[in-house]
Amino acid sequence: EAQNDSADPLHGGHFIIMHTPNIVQTITGLEIRNFGQQGNLGRYPLHFHMNGDVSGTVVSKNVVRDSNQRCYVLHGTDNALVEDNVALNAT
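*Asks:* Just give me the short version of the overall build of the chain, but keep the residues and values in it.
*Replies:* Counting secondary structure elements, the chain contains zero helices and nine strands. Along the chain, helices and strands appear, N-terminal first, in the series β-β-β-β-β-β-β-β-β. In terms of overall dimensions, the chain is globule-like: its C-alpha atoms have a radius of gyration of 13 Å, near the 12 Å expected for 91 residues. Overall size of the chain, expressed as C-alpha extent along the three principal axes, is 40 × 25 × 15 Å. Counting over 91 residues, the chain shows a buried share of 33%. Across the chain, every contact between residues at least 6 apart in sequence was considered, and the portion connecting residues at least 24 apart equals 66%. For the chain, the accessible surface area stands at approximately 5200 Å², while carbon and sulfur atoms represent 51% of it. Side-chain charges in the chain split into 5 positive and 9 negative, and the spacing between the mean points of these groups amounts to 3 Å.

Written out as structure tokens, the structure reads:
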């Protein structure tokens with residue numbers, strides 16, 4: 001869980017996987033809470049950014065809750081399996 005920023009309560013952590021083509025990632029069983037940075041482009045709770053082909057990558061059985069900006073974002077990333085995830089209370 002990210003701590004609140006007293007100056008900006010909508011500014012939490014962000015988890016970004018970027019520029020890792022042909023690298024298999026497995027993200028399973030996480031709870032991500034109070035992540036995301038509302039108003040800051042690209043600062044999402046779980047963000048795959050410009051990875052290209054990541055065949056074999058699995059994002060499964062995770063929970064993003066109390067998000068400050070979106071939940072799961074895959075941008076410029078192909079062939080990732082995203083299944084059985086939960087998004088709750090996102091702004």
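*Asks:* Kindly report on the pattern of salt bridges, identifying the contributing residues and their values.
*Replies:* In the structure shown here, the tally under the stated rule is two salt bridges. With a shortest N-O distance of 2.4 Å, glutamate 31 and arginine 65 are connected by a salt bridge. Here glutamate 31, found in strand E3 (residues 31-33), pairs with arginine 65, found in strand E6 (residues 63-67); they are 34 residues apart in sequence, far enough to count as distant. Here aspartate 66 and arginine 33 are joined by a salt bridge, their closest N and O atoms 3.1 Å apart. In this pair, aspartate 66 sits in strand E6 while arginine 33 sits in strand E3, placing the two residues 33 residues apart along the sequence. Residue classification places aspartate 66 among the partly exposed residues on the basis of a relative accessible area of 25%.

Calculation notes
- Residues numbered from 1 in each chain as written.
- Predicted model: local features only at pLDDT ≥ 70, side-chain atom pairs only at ≥ 80, totals over all residues.
- Heavy atoms only, no water.
- Helix = DSSP H or I, 4+ residues; strand = E, 2+ residues; numbered from the N terminus.
- Rg over C-alpha atoms; globule rule 2.2 N^0.38 Å.
- Buried < 20%, exposed > 50% of the residue type's maximum accessible area, 1.4 Å probe, protein only.
- Contact = heavy atoms within 4.5 Å.
- Areas by Shrake-Rupley, 256 points an atom, 1.4 Å probe, with all protein chains shown as cover.
- Lys, Arg positive; Asp, Glu negative; His and termini not counted.
- Charge placed at Lys NZ, Arg CZ, Asp CG, Glu CD.
- Salt bridge = Lys/Arg side-chain N within 4 Å of Asp/Glu carboxyl O.

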